[in-house]
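This is what each chain is made of:
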Amino acid sequence: MSVHYTLNLRVFWPLVTGLCTALVCLYHVLRGSGGARAEPPDGADGGFPLLKVAVLLLLGYILLRCRHAVRQRFLPGSPRLGGHSAFSPRHFPEPSLDILLESYYEHEVRLSPHVLGHSKAHVSRIVGELVRAGRARGSPGPIPGGALALAFRGDFIQVGSAYEQHKIRRPDSFDVLVPLRLPPLVALEPRSLGAEPELAPAVHGCFVCALKAPPGASGSQWLRDCKPFADGFCVDVRGRRHLSATLVLRWFQSHLQRSLATVRYSLEGRCRVSLTPGSLEQPPTLHILPCRTDYGCCRLSMAVRLIPAVHLGDNVFLVAPPPPPSPLGLVSELPGGLRAEALWGVNTARQEQKLLSWLQERAPPGACYLKCLQLLKALRDLGARGLDPTAAIQWGRILSSYVLKTVLLAVLLREGVPAQAWDEVHLGERLEELVKFLRDCLLRRRMLFHCVLGPGGAAAEVGPLPKVLREAAPVDLLAAFDRHARELAAARLLSTWRRLPQLLRAYGGPRYLARCPPPRSQRTQGFPEDEP
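Residues numbered from 1 in each chain as written. Predicted model: local features only at pLDDT ≥ 70, side-chain atom pairs only at ≥ 80, totals over all residues. Heavy atoms only, no water.

A. Molecular detail of the pattern of salt bridges. Tallying each qualifying case throughout the model produces 24 salt bridges. Here Arg 439 ties to Asp 440 by a salt bridge, and the two come within 2.9 Å at their closest N and O atoms. A salt bridge links Asp 440 to Arg 444, with the shortest nitrogen-to-oxygen separation between them at 3.7 Å. By relative accessible area, Asp 440 is classed as buried at 16%. Each of Lys 227, Asp 231, Asp 236 and Arg 241 takes part in a single network of salt bridges with overlapping partners. (Salt bridge = Lys/Arg side-chain N within 4 Å of Asp/Glu carboxyl O. Buried < 20%, exposed > 50% of the residue type's maximum accessible area, 1.4 Å probe, protein only.)

B. Examining unusual backbone geometry more closely. For the bond running from Ala 320 to Pro 321, omega is -10°, close enough to zero to count as cis. Turning to its location among the elements, Pro 321 is positioned in the loop between strand E11 (316-319) and strand E12 (345-347). Phi is positive for Arg 169, which is not a glycine, with a value near 70°. By secondary structure assignment, the location of Arg 169 is in the loop between strand E2 (157-159) and strand E3 (173-181). Given the relative accessible area of 30%, Arg 169 is considered partly exposed. The phi dihedral of Asn 315 falls on the positive side, at around 60°, and the residue is not glycine. Tracing the backbone through its elements, the reader meets Asn 315 in the loop between strand E10 (302-313) and E11. (Helix = DSSP H or I, 4+ residues; strand = E, 2+ residues; numbered from the N terminus.)

C. Fine view of the packing of helix H8 (residues 369-383) against helix H14 (residues 483-498). Their axes nearest at 10 Å, the elements H8 and H14 cross at an angle of 105°. Between H8 and H14, the angle is such that the two are roughly perpendicular. Every residue of H14 that contacts H8 at Leu 379, Leu 382 and Gly 383 is listed here: Arg 492, Leu 493, Thr 496 and Trp 497. Looking at the contact of H8 with H14, its residues break down into four nonpolar, two polar and one charged. (Axes fitted to C-alpha atoms, helices over the stretch in contact; angles between N-to-C directions. Parallel < 35°, antiparallel > 145°, perpendicular 65-115°, else oblique. Contact = heavy atoms within 4.5 Å. Nonpolar A, V, L, I, M, F, W, Y, C, P; charged D, E, K, R; others polar.)

D. Looking closely at the nonpolar core. Core analysis: the biggest nonpolar cluster contains 110 residues, and Phe 229, Leu 243, Leu 286 and Leu 306 have the highest contact counts within it. Filtering out sequence-adjacent residues up to four positions away, Leu 306 remains in contact with Val 127, Leu 130, Val 176, Val 178, Phe 252, Leu 256, Leu 275, Pro 283, Pro 284 and Leu 286. Of all hydrophobic cores here, the second largest spans 11 residues; its members include Val 203, Cys 206, Val 235 and Ala 342. (Core = buried A, V, L, I, M, F, W, Y, C linked by side-chain atoms within 4.5 Å.)

E. Focus on the confidence of the model for the protein chain. Taken as a whole, the protein chain shows an average pLDDT of 78; of its residues, 74% reach a score of 70 or greater. In the predicted structure, residues 1-5 sits below a pLDDT of 50 and forms 10 contacts with residues beyond four places in sequence or in another chain. Confidence drops under pLDDT 50 across residues 72-92; counting only partners more than four residues distant or on other chains, this segment forms 29 contacts. (pLDDT = per-residue confidence, 0-100.)

F. A look at the packing of aromatic side chains. Taken as a whole, this structure holds five aromatic pairs when the rule is applied. With a centroid separation of 6.0 Å and an interplanar angle of 55°, the aromatic rings of Tyr 163 and Phe 174 are classed as tilted. Of the two residues, Tyr 163 sits in the loop between E2 and E3 while Phe 174 sits in strand E3, which places them 11 residues apart along the sequence. Of the two residues, Tyr 163 and Phe 174, neither departs from the other in class, the shared state being buried. Seen from their ring centres, Phe 233 and Trp 251 are 6.4 Å apart, and the 85° between their planes marks the pair as edge-to-face. One end of the pair, Phe 233, is in helix H5 (residues 219-233); the other, Trp 251, is in helix H6 (residues 245-267), and 18 residues separate them in sequence. Each member of the pair, Phe 233 together with Trp 251, is buried. Against the face of Tyr 105 rests Lys 371, its NZ or CZ located 4.7 Å from the ring centre. The aromatic ring of Trp 422 is capped on one face by Arg 430, whose charged end is 5.9 Å from the ring centroid. (Phe/Tyr/Trp six-rings, centres within 6.5 Å; stacked < 30°, edge-to-face > 60°. Lys NZ or Arg CZ within 6 Å of the ring centre and 35° of its normal.)

This is the structure:
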């Protein structure tokens, strides 16, 4: 995936000023250590005062900054100002929505590729050492070792927005799958819960995994041999032993703590690491803090969610705990002997990455769909301002990053949308199309299906899928939320879109944009007044 680098003047000129000042200081230090010098006549100073040099450099930096600001604001025919001249009758030019979006994207949303690359490389090194140490330690817990021990497979898989080029703001959080190796005597029989109408909608996207004997194994003998593993990691569901996500997560967290104690000393010179325990809704989180002696250019504190994963085949994994909105709190809503600790989520990140790559190959150079996704996330964050904590959490769950990515994929896969429509000159139009589609999903369609699962998924574009996923019932990502919650979210979304120019002026971009009155064309731009 190609990355376009642009010069950040806010960093470049201070860096040049500091470098020149350091060179002048070094010159004076070397000159002063060269021995005694002859006193100049009339008491004049033979060297050029350091203070004068610093003042001249500071004045040069201020002049260059002012020149850049004046060019951006008053240059006639500037493409960023829509062609307005400095001699226009208006005192301030009126930036279009595309200009406001571009300015907000550059100043508040866009990540530095340099910083993101350093952060990902740092996370990869730390997690790699931790996983290798975990594999070498063997298996603690219910089964100390042997043929029935659960263990790390030895690799890890980086997933999420940071690795799909649509992360926003700061590269300080990452998701990593840690695949687990099951004992050779244990085989799984996964089953989707999407076709069971008596279950709560929040559970339809989950899976359960019953134990079964591998091919060629005797049933009664296998049950006796497998009993230690079943007692340590399984629960009874409807008369069969099922792999427990809660017990596996508890073992995983304990194993991580022991592995971290092994590598902590070797990491002391590079960073400080700690592990936050997981919960029913969150996996354990590895916190990576920079050391005081670390003089690298990207000294960021990072949080890495380490997610235990069981491989189903074709790069599809079952993960614990299931992603939010978590069904683990709905124990009373699980009938028929189904237990919440037996529920697993499914991760199809590799298939979604393939789908994004396939769409990129079809798109023309400079397509803006990833930028639209980033701005849609920023729009969600702007809409959360002013909400109380409970409402903000609900808003973030309904419009989660995964839901927004699914909206983009659904719009991209629709027939009748030419690839040229995603050119960057149509950025505002495409963002409006995404908002309208999301509004329709919340109000009119009242559903948003998973882009990979089920017979209607994009299986042809992402390659082979396990049979259990191909035959799974379609999963509605919005089914866990009632009608009232979806209507409130849709109303908040429309209100945020209508106020978007004012919000962009208030919270991002150059300060002079905040003084520009909104254009009359933007005051009526957006959706018809059809509040739900």
